[in-house]
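Summary of structural features
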Amino acid sequence: STVIHQKAGGVILFVIRFLNSLNKQGHLVYCLESRRWTWDLEKIKSERVSEDFVVHTTLQMNSLPKLVQIGFMSAACLGSNFNASILGKTIEDEEFDVCSFLEIGKDGGYIEESGLGSFSWTHDQIQQAAYNLIPPMQRESFHFQLGQRLLENSTNCDVKRDVLFFVVDNMNKGKDLKLDRGQMTQLARLNLQAGNEAMSTSGFHSAAKYLQQGINLLSKDSWIHEYDLTIQLYDAALDTYYTAGQFSNFEVAVKQPLTHAICFEDKLNSYHHLVRFLTASGRSEEALETCLSVLRTLGVEISPNANAESLLTEAISVKEIIRNSHIHNLLDLPKMEDFDKMAAMTFLNTAVLCSYETNEFTFFFVICRMVKLSVRHGLCSISAVAFSLYGALLTCPIISDFDESYEMGRLALRAIDTLDAFMMKQQVFLFFYGSIAHCKDPLQASAPKLLEGYEAAFALGDMESVTAHLQLYAGVAVWGCGEKLTKAEEIVRIHAKRMLQHKQVVSCKNILIHLQQATELIGLHEDVYSTFLNISEEEFFRQEMNCRGAHTMKLILHTCRMYLAVMRGNMELAAREYESNGAEYQGGIRFIGTITRVFLAGLVGFFVARKQTSDVEKWIHVGVRSMDTMKSWTEDSSWNYEHRLFLLEAEYYFFKGDKHEHLASAKYKQSIAAAKKHKFKNDEGLAAQKAAVFHRHYNRKKEALTNFQHAKACYESWGAEGLVKEIEIKIASLSQ
């Protein structure tokens, strides 16, 4: 045993191979008379064994019958796992028996059965040894011929399902052979099929490889002689490159169809992906210009100079159209048939994000046109998105029709099934659960739905929706529903990494702002910008503030910094953040960021008005406007907004002075109680903290201490250890 161990290096597979070899040579045999194993130790010691297990195993396999060797070579080309029926289709020799081969492989310890009809190699080095049976100079042709045989011996149905990737992977390894034009075209078409199949299962990076290979196989004159195949390859490749974050490949590829496609219709897909690429690259203005240009060609005119007055006129006309059609009957409208109108719906949908980033009024006009096209020219899958967008639009201060907003949102959810719009589910979820649902439903219910929409978007490669869902989830989880912070931080961190893996750097930056906020609230001493992007927080802030465009990112950055300042009780810093971006704090669709900004602006307004002697009217206006907005929201959902309204009213009465002291005290208590009842731990802690400051102002140390302790308990329950430490300092100061 010592000799065997030394020669086999202690590797069990090598030991088994070596023992089998000794048995065949007669150096180790079983004696029937003595009923024991006997061996010739001197011959075993003199036996030369290759130091390379792979080489040794290959030599052993060389001693097997020729058909068995062919079986091993073919199986090795099918990968670490293979199916018996597929293996049988790769070998032409009629004398080859798959079942006999598999028994020999199993008996020899080379392969093992892993399932019904499925087999795997017992070790990856054994697969390599089997592969080494193929002479190096013949490997390309062996792979190509194997793939061809597999293709020829499979039905069309088989190729689509079971063997497509085996066929393409093997034939691709023979791409450098001298293939004729027909073979090159056939292989390019197979790569297109494999790329589309990989995309359908979210294998974006694999799909990109197949589609790039297909493009590489095209002849120089393919735009003339293989036009349909060429345009299909480029269309699929652009989608895949964008989704996989292969932007350098995208920029090279997109020029081809835009230059060589023979008609405008054949360029539409390229323009569609170009707009997505420009938006993801932070070039939203260029994206919007491209989108509006395409829409003009399709007969849809949208003015880039829209304003509040023209928007109100447009919104009223849309409301009239919907009223005449009746909301409940909208899904009974006929299907859209006109190609140009359907293409326009696609580009209007694509224009949603880039217009949101660059021009809010253009964004609103895009929504109105989507609804008008749907009602006047028939429904398509994108109509479900149009109805959800319109519902979101109705939450804007300029309209504020929350009942119709909610009704349109519920209609959009039903439209997913009615219009067979499952590919649009993520977008409908985005606008319903991101801006409409909390008009009526508890905000806490939106968080899991936003994550569901995120996963649906990722599966489809809809990276714009992926980013938006994650942003809204982070906002709801941290600002809105008081979800356990550590859970929210973990989820956002995991998916931020996922975004970077797909090269969605611009989108990832929006997510990192939320992540940095969460880590600071938790009390982690981490600069996430350095962790993910190798730049400091200060450098990140400076870059983004000086960056032209990036409207959403700047807004998120200001909101997060303002929120942290308010939660830490640093209202002077919060006021400076507000002044740097104050004009943005009252308008827009009622996303969670809008709700948070309105609330924070009110707290800042009343605080500054109480502390300053100048500009009091300006700050009171800010506070009262926020309070009035919160009051209108509370009328539709007391669950989500009542506690915040009470806190704003408390701060208002605190500003009003001693005569309103009792009203302020009562409102603080109401805010704390309402936040507790509706399970908003973060806001319950903030209300208690504000109440403590109020009582400390009037030298009621006992009441102040009680409220600070209440705030500490809330922040501990929330997981905001960073805030707990700051509250403890205030408690210690009061206790002296």
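Up top is the structure these notes are about.
Presented here is an overview of the structure given in this document. Each chain has its residues counted from 1, following the order in which its sequence is written. Owing to the predicted nature of the model, reporting of local features is limited to residues with pLDDT of at least 70; listing and counting of side-chain atom pairs is limited to 80 or more, with chain, interface and lining totals taken over all residues. As a rule here, side-chain values cover all heavy atoms of the structure and leave hydrogens and water aside.

**Section: the overall build of the protein**
Numbering of helices and strands runs from the N terminus; a helix is a DSSP stretch of H or I covering at least four residues, while a strand is a stretch of E covering at least two. When its secondary structure is counted, the protein shows 40 helices and five strands. When the backbone C-alpha atoms are referred to their principal axes, the protein occupies close to 110 × 70 × 45 Å. Type-normalised accessible area, obtained with a 1.4 Å probe on protein chains alone, sets the label of each residue: buried when under 20%, exposed when over 50%, and partly exposed for intermediate values. Per-residue burial over the protein gives 55% buried out of 736 residues. Only heavy atoms enter the contact rule, under which two residues are in contact if any of them lie within 4.5 Å. Sequence-distant contacts in the protein: of pairs separated by 6 or more residues, those separated by 24 or more amount to 66%.

**Regarding the pattern of salt bridges**
By definition, a salt bridge exists where a carboxyl oxygen of Asp or Glu is found within 4 Å of a side-chain nitrogen of Lys or Arg. Tallying each qualifying case throughout the model produces 29 salt bridges. Note that Lys440 and Asp636 form a salt bridge whose closest N and O atoms lie 2.9 Å from each other. Note that Lys440 is positioned in the loop between α25 (425-436) and α26 (446-460) and Asp636 in helix α35 (residues 616-636), a separation of 196 residues in sequence. A relative accessible area of 28% means that Lys440 is categorised as partly exposed. Classification of Asp636 as partly exposed rests on a relative accessible area of 21%. In this structure, the salt-bridge partner of Glu661 is Arg700, at a minimum N-O distance of 2.3 Å. Remark: Arg700 occurs in the loop between α38 (681-697) and α39 (701-718) and Glu661 occurs in helix α37 (residues 661-677); sequence separation between them is 39 residues. Overall, Glu661 belongs to the partly exposed group, its relative accessible area being 21%. Sharing partners across several salt bridges, the network here consists of Glu103, Lys106 and Glu113.

**Describing a nonpolar patch on the surface**
Taken together, the side chains of Tyr30, Trp37, Trp39 and Leu41 define a hydrophobic patch exposed on the protein surface, amounting to about 450 Å² of accessible area. For Tyr30, the position within the fold is in strand β1 (residues 28-31). Patches here: salt-bridge-free residues with over 30% relative accessible area, like charges joined within 9 Å, nonpolar side chains (Val, Leu, Ile, Met, Phe, Trp, Tyr) joined within 5 Å. The Shrake-Rupley method, run with a 1.4 Å probe, gives the accessible areas here. Residue values count only the displayed protein chains as cover.

**Comments concerning the nonpolar core**
The biggest cluster of nonpolar side chains holds 241 residues, and the ones touching the most others in it are Phe72 and Tyr715. Excluding residues within four positions of it along the chain, Phe72 makes contact with Met61, Leu64, Phe101, Gly105, Tyr110, Trp121, Ala130 and Leu133. The next biggest cluster of nonpolar side chains, apart from the first, holds five residues, and it includes Met199, Phe204, Ala207 and Ala244. For our purposes a nonpolar core is just a set of buried Ala, Val, Leu, Ile, Met, Phe, Trp, Tyr and Cys residues, chained together by side-chain atoms within 4.5 Å.

**Thoughts on helix α29 (residues 505-522)**
Multiplying one less than the number of residues by 1.5 Å gives the expected span of a helix. Along its 18 residues, α29 runs 25 Å from first to last C-alpha, staying within 8% of the 26 Å computed at 1.5 Å per residue. One axis is fitted to the seven residues ending at the residue and one to the seven starting there. The bend at that residue is the angle between these axes. Of all the bends found along α29, the most pronounced is centred on Ile511 and spans about 25°. Of all 18 residues in α29, 16 are buried, a share of seventy percent or more. Looking at the residues trailing α29, positive phi occurs at Gly523, about 100°.

**Things to note about a negative patch on the surface**
There is a patch of like negative charges on the surface, built from Glu92, Asp93, Glu94 and Glu152. Its place among the elements puts Glu92 in the loop between α6 (84-88) and α7 (98-107). Note that His is not counted, nor are the chain ends; the positive residues are Lys and Arg, and the negative ones are Asp and Glu. A charge is said to be at NZ when it belongs to Lys, at CZ for Arg, at CG for Asp and at CD for Glu.

**Details of the packing of helix α24 (residues 402-418) against α25**
Whenever a helix is involved, its axis is fitted only over the stretch in contact; in every case the axis is a line through C-alpha atoms, and angles between N-to-C directions fall within 0 to 180 degrees. Packing of α24 against α25 brings their axes to within 10 Å, and their N-to-C directions diverge by 160°. Between α24 and α25, the interaxial angle falls into the category roughly antiparallel. Relative to α25, the crossing made by α24 is left-handed. Seen from α24, the contacting residues are Ser405, Tyr406, Gly409, Arg410, Ala412, Leu413 and Ile416; seen from α25, they are Lys425, Val428, Phe429, Phe432, Tyr433 and Ile436. Angles are sorted into four bins: roughly parallel if under 35 degrees, roughly antiparallel if over 145, roughly perpendicular if 65 to 115, and oblique for all others. Crossings are classed by handedness, with left-handed meaning an anticlockwise turn of the near helix from the far one by less than a right angle and right-handed meaning a clockwise turn.

**A closer look at the packing of aromatic side chains**
Aromatic rings from Phe, Tyr and Trp, taking only the six-membered ring of Trp, are treated as a pair when their centres fall within 6.5 Å; an angle between ring planes under 30 degrees marks them as stacked, one over 60 as edge-to-face, and anything in between as tilted. One pass over the full model with this rule turns up 30 aromatic pairs. An angle of 70° between the planes, with centres 5.1 Å apart, marks the rings of Phe429 and Tyr433 as edge-to-face. With Phe429 and Tyr433 both in helix α25 and four residues apart, the pair spans about one turn of that helix. Aromatic ring contacts, followed pair by pair, group Phe72, Phe82, Phe101, Tyr110, Phe119 and Trp121 into a single cluster.

**Here's the deal with the sheet that holds strand β3 (residues 81-83)**
Strand pairing is assigned whenever DSSP identifies at least 2 bridges connecting the two strands. Strands sit in the order β3-β5-β4 across an open sheet of three strands; the sheet is antiparallel. Strands at the two margins of the open sheet, each flanked by one partner only, are β3 and β4 (111-115). Averaged over all pairs of adjacent strands, the angle between their axes in this sheet comes to 35°, without regard to strand direction. Bridge count between β3 and strand β5 (residues 118-121): three bridges; the pairing is antiparallel. Each residue of the ladder has a partner; that of Phe82, found in β5, is Phe119. Here α7 sits on the sheet and contacts β3, β4 and β5; the angle it forms with β4, its principal contact strand, is near 110°.

**Brief notes about the pairing of β5**
In the sheet, β4 pairs with β5 via four bridges, with the strands oriented antiparallel. In the strand pairing of β5, Ile111 is matched with Trp121.

**Thoughts on the packing of helix α13 (residues 204-217) against helix α15 (residues 227-244)**
Their axes nearest at 9 Å, the elements α13 and α15 cross at an angle of 145°. In this structure, the crossing between α13 and α15 has a hand that is left-handed. In contact with Phe204, His205, Ala207, Ala208, Leu211, Gln212, Gly214 and Ile215 of α13, α15 contributes Leu233, Tyr234, Ala236, Ala237, Thr240, Tyr241, Thr243 and Ala244. Residue polarity is assigned by list, with Asp, Glu, Lys and Arg as charged and Ala, Val, Leu, Ile, Met, Phe, Trp, Tyr, Cys and Pro as nonpolar; anything else, Gly included, falls into the polar class. Of the residues that constitute the contact of α13 with α15, the class distribution is 11 nonpolar, five polar and no charged.

**Regarding the environment of Gln193**
Within the secondary structure layout, Gln193 lies in helix α12 (residues 181-200). In this structure the C-alpha to C-alpha distance between Gln193 and Leu211, which are 18 residues apart in sequence, comes to 8.7 Å.

**Topic: helix α21 (residues 339-358)**
In a regular helix each residue adds 1.5 Å, so 20 residues correspond to 28 Å; α21 covers 28 Å between its end C-alpha atoms and thus fits that length. The principal kink in α21, of about 35°, is found at Val352. Listed as buried for α21 are Ala343, Ala344, Met345, Phe347, Leu348, Asn349, Thr350, Ala351, Val352, Cys354, Ser355 and Glu357. Polar contacts here mean pairs of N or O atoms no more than 3.5 Å apart (in protein, one a potential hydrogen donor and the other a potential acceptor; neighbouring residues in sequence count only if both atoms are side-chain atoms). At the N-terminal end of α21, a side-chain oxygen is found 2.9 Å from the backbone nitrogen of Asp340, two or three residues along, and the residue is Asp338.

**Some thoughts on unusual backbone geometry**
Positioned with a positive phi, His326 is a non-glycine residue whose angle comes to about 70°. Position of His326 among the secondary structure elements: in the loop between α20 (308-325) and α21. The phi angle at Asp615 is positive, at roughly 60°, despite the residue not being glycine. Tracing the sequence through the fold places Asp615 in the loop between α34 (592-611) and α35.

**Quick look at the side chain of Ser74**
Turning to its location among the elements, Ser74 is positioned in helix α5 (residues 66-77). Apart from the residues lying within four places of it in its own chain, the contact partners of Ser74 are Leu87, Thr90, Ile91, Phe142 and Leu146.

**Examining the side chain of Thr596**
Turning to its location among the elements, Thr596 is positioned in helix α34. Accessibility expressed as a relative area gives 0% for Thr596, which makes it buried.

**Description of the state of the cysteines**
What counts as a disulfide here is a pair of cysteine sulfur atoms lying within 2.5 Å. Under the criterion given, the structure shown has zero disulfides. Looking at Cys560, it has no disulfide partner, and the nearest cysteine sulfur is the one in Cys508, 14 Å off. By relative accessible area, which is 3% here, Cys560 ends up buried.

Such coordinate-based values are descriptive only and should not be taken to indicate function.
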